[in-house]
Amino acid sequence: MKIGILTSGGDCPGLNAVIRGVVLKGTTNYNIEFVGIRDGWRGVVDGDFFPLTRHEVKGLSKVGGTILGTSRTNPYEGPRGGAENIAKTLYGHRIDGIIAIGGEGTLAAADRLSNDGINVLGVPKTIDNDLRATDYSFGFDTAVNIATDAMDRLRTTGDSHQRCMVAEVMGRHVGWIALHAGIAAGAHVICIPEVPMSIDEVCELVNKAHSRGRAPLVVVSEGFKLTGMEEAFSDKGLDAFNRPRLGGIGEVLAPEIERRTGIETRATVLGHIQRGGSPSAFDRVLATRLGLHAADAVVDGAWGQMVALRGTDIVRVPFAEALGELNTVPQYRFEEAAALFG
Ligand code: F6P
């Protein structure tokens, strides 16, 4: 059996650990031959493959990024794209199936290709933790740790100057990183995409913390909308999927907070720092286990499905069930955190 592995969409700490897990189990237990596919679906469309053996994956579980490269290429676009062309390319290289490691966009493309007769198995990844079919996605824990460490640092400099510090974290549609890092760092306000707040509400909590002698810490997801905003703030154009590139809401909030409260305020955007570097131990273990189970799933011919974490078990979920609805922060989780605000 010959299997191609790709990583697609935004990168995420733990991608290499998945690749290592798949290759180690697949070669040792099942004698599968693997090829790496360069730069996500772009490599499938262009037939850009290279041999992936135990040698290529050694020591990889601690390494950030992806040795395969990634892109946001849509496999249905371009003259060589589409299921028929891809089937021919795979056949030409004697590749029996693809393991696609990616987020919502990648898995949606995998689902479509699978419906069109290509053997695809999915492994979910996203630092945002926005996929409903898995309890946690690898990358999220690392991002939360990085954001928490950054906020601990913002708090000490905020305390020294008696300033309000605004920390902007990633989270396009969901506020998991803001919620978890905000609770861990003891934030006084957490603003997430699921729960619009007015600038008055934000300032009231900032004033409350300040009046107790604290330097207020406001955490905001990039996808947060102030009450009345139709879309999340974006001034950086569109990405390859024609989605607005987010980032900058922190710089919108900071001057407004300063103007209304009179408290000197600074904003910090953590951005891609949250996606870089070594995965946490939790993410290494989760990613490795998903990789090991992906190798089993391929041997079982479980195409059209993805491996996922349910409780402490790795299970298989059909693409159709995994896609569609996002894993948003439920209201009760926000209310839990809100008890700590101000
Ligand atoms: O992976 C999801 C994400 O981290 C979002 O939170 C963010 O909007 C997006 O990726 C940014 O990705 P890029 O700048 O790589 O296009």
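Since the model is a prediction, treat every value here as computed from it, not as a measurement.

Some points on the overall build of the protein chain
Reasoning step 1: In terms of regular secondary structure, the protein chain is built from eleven helices and eleven strands.
Reasoning step 2: Against the globule reference of 20 Å for 342 residues, the protein chain gives a C-alpha radius of gyration of 21 Å, in line with a compact fold.
Reasoning step 3: With the C-alpha coordinates aligned to their principal axes, the bounding extent of the protein chain is approximately 70 × 35 × 30 Å.
Reasoning step 4: Within the protein chain, the proportion of its 342 residues that are buried is 56%.
Reasoning step 5: Pairs at least 24 residues apart make up 73% of the contacts formed inside the protein chain by residues separated by at least 6 positions.

Overview of the sheet that holds strand β5 (residues 120-124)
Reasoning step 1: Taken in spatial order, the seven strands of this open sheet run β3-β2-β1-β4-β5-β10-β11, and their pairing is mixed. For this open sheet the edge positions go to β3 (49-52) and β11 (313-318), each flanked by a neighbour on one side alone. The mean angle between the axes of side-by-side strands here comes to 30°, regardless of whether they run parallel or antiparallel.
Reasoning step 2: As defined by bridge partners, β5 adjoins strand β10 (residues 305-310) across two bridges and the pair is classed as parallel. When the sheet's bridge partners are listed, G122 is paired in β10 with M306.
Reasoning step 3: Against the sheet, helix α1 (residues 15-30) contacts β1 (2-7), β2 (33-37), β3, β4 (97-102) and β5, and its axis sits at roughly 170° relative to β1.
Reasoning step 4: Against the sheet, helix α4 (residues 104-115) contacts β4, β5 and β10, and its axis sits at roughly 165° relative to β5.

A few points about the packing of aromatic side chains
Reasoning step 1: As enumerated under the stated definition, the model contains three aromatic pairs in all.
Reasoning step 2: Ring centres 6.3 Å apart and planes at 85° place the aromatic pair Y136 and F282 in the edge-to-face group. You can see Y136 sitting in the loop between β5 and α5 (140-161) and its partner F282 sitting in helix α9 (residues 281-299), a full 146 residues away along the chain.
Reasoning step 3: Ring centres of F334 and F341 lie 5.7 Å apart, and the angle between their planes is 75°; on these two criteria the pair is classed as edge-to-face.

Focus on the site of the ligand
Reasoning step 1: Around the ligand sit R72, I127, D128, M170, G171, R172, E222, H272 and R275, and those are all the residues in its vicinity.
Reasoning step 2: In this structure, R72 approaches the ligand through a side-chain N or O atom, which is 2.8 Å from an oxygen atom.
Reasoning step 3: R275 has a polar side-chain atom sitting 2.8 Å from an oxygen atom of the ligand.
Reasoning step 4: Look at the ligand: alone it shows 400 Å² of surface, and the protein chains cover 82% of it.
Reasoning step 5: Spatially, the ligand is embedded in the largest pocket.
Reasoning step 6: For the shell around the ligand, the residue count by class is two nonpolar, two polar and five charged.
Reasoning step 7: If you count residues domain by domain, the shell around the ligand takes at least three from each of domain 1 (2-138 + 277-322) and domain 2 (141-274).

Re the pairing of strand β8 (residues 217-221)
Working note: regular strand, side chains alternate between the two faces of the sheet.
Reasoning step 1: Counted residue by residue, β8 has five buried out of five residues, so it is predominantly covered.
Reasoning step 2: Both faces of β8 are covered, namely the face carrying L217, V219 and S221 and the face carrying V218 and V220.
Reasoning step 3: Here strand β6 (residues 164-169) pairs with β8 via five bridges, running parallel. If you follow V169 over to β8, its bridge partner there is S221.
Reasoning step 4: Taking the sense of rotation as the criterion, the β-α-β connection linking strand β7 (residues 189-191), helix α7 (residues 199-211) and β8 turns out right-handed.

Structural notes on the UniProt feature "active site" (unreviewed entry) in the protein chain
Reasoning step 1: Taking the numbering used here, the UniProt-annotated feature "active site" (unreviewed entry) corresponds to D128.
Reasoning step 2: Structurally, the position occupied by D128 is in the loop between β5 and α5.
Reasoning step 3: According to the relative accessible area criterion, D128 is buried, its value standing at 12%.
Reasoning step 4: Dropping the residues within four chain positions of it, D128 is found in contact with M170, G171, R172, V174, W176 and I177.

Brief notes about the sheet that holds β8
Reasoning step 1: Taken together, the four strands give an open sheet; going across it, the order is β7-β8-β6-β9, and neighbouring strands pair in parallel fashion. Of all strands in the sheet, those with a lone pairing partner are β7 and β9 (265-269), marking the two edges. With strand direction ignored, the average angle separating the axes of adjacent strands in the sheet is 15°.
Reasoning step 2: Against the sheet, α7 touches β6, β7 and β8, its axis set at about 155° to β7.

Considering α5
Along an α-helix, a turn takes 3.6 residues, which lines up residues three or four apart on a common side.
Reasoning step 1: Spanning 22 residues, α5 covers 31 Å between terminal C-alpha atoms, matching the ideal 32 Å at 1.5 Å per step.
Reasoning step 2: If you check which residues of α5 are buried, you get F140, T142, A143, V144, A147, T148, A150, M151, L154, R155 and G158.
Reasoning step 3: Where α5 is buried, its residues meet β6, α6 (176-185), β8, β9 and α9.
Reasoning step 4: Positive backbone phi, at 55°, marks Q162, one or two positions downstream of α5.

Side note on the environment of T227
Reasoning step 1: Tracing the chain through its elements places T227 in the loop between β8 and α8 (249-261).
Reasoning step 2: T227 sits 184 residues away from G43 along the chain, and the two C-alpha atoms are 43 Å apart.
Reasoning step 3: If near-sequence neighbours (up to four positions away) are discounted, T227 is found in contact with P196, M197, S198 and E201.
Reasoning step 4: Only 3.0 Å separates the side chain of T227 from the backbone nitrogen of S198, close enough to count as a polar contact.

Definitions and cut-offs
Residues numbered from 1 in each chain as written. Predicted model: local features only at pLDDT ≥ 70, side-chain atom pairs only at ≥ 80, totals over all residues. Heavy atoms only, no water. Helix = DSSP H or I, 4+ residues; strand = E, 2+ residues; numbered from the N terminus. Rg over C-alpha atoms; globule rule 2.2 N^0.38 Å. Buried < 20%, exposed > 50% of the residue type's maximum accessible area, 1.4 Å probe, protein only. Contact = heavy atoms within 4.5 Å. Pairing = 2+ DSSP bridges. Axes fitted to C-alpha atoms, helices over the stretch in contact; angles between N-to-C directions. Phe/Tyr/Trp six-rings, centres within 6.5 Å; stacked < 30°, edge-to-face > 60°. Near = heavy atom within 4 Å. Polar contact = N/O pair within 3.5 Å; in protein donor to acceptor, adjacent residues only side chain to side chain. Areas by Shrake-Rupley, 256 points an atom, 1.4 Å probe, with all protein chains shown as cover. 1 Å grid on protein atoms, 1.4 Å probe; cavity = no way out; pocket = protein on both sides within 12 Å on 5 of 7 lines; lining within 4 Å. Sits in = over half its atoms within 2 Å of the grid points. Nonpolar A, V, L, I, M, F, W, Y, C, P; charged D, E, K, R; others polar. Domains from an automatic or database assignment. Right-handed = clockwise from strand over helix to strand, strands pointing away. UniProt positions renumbered as here; feature names shortened; annotations may be inferred. Expected span 1.5 Å × (residues − 1).

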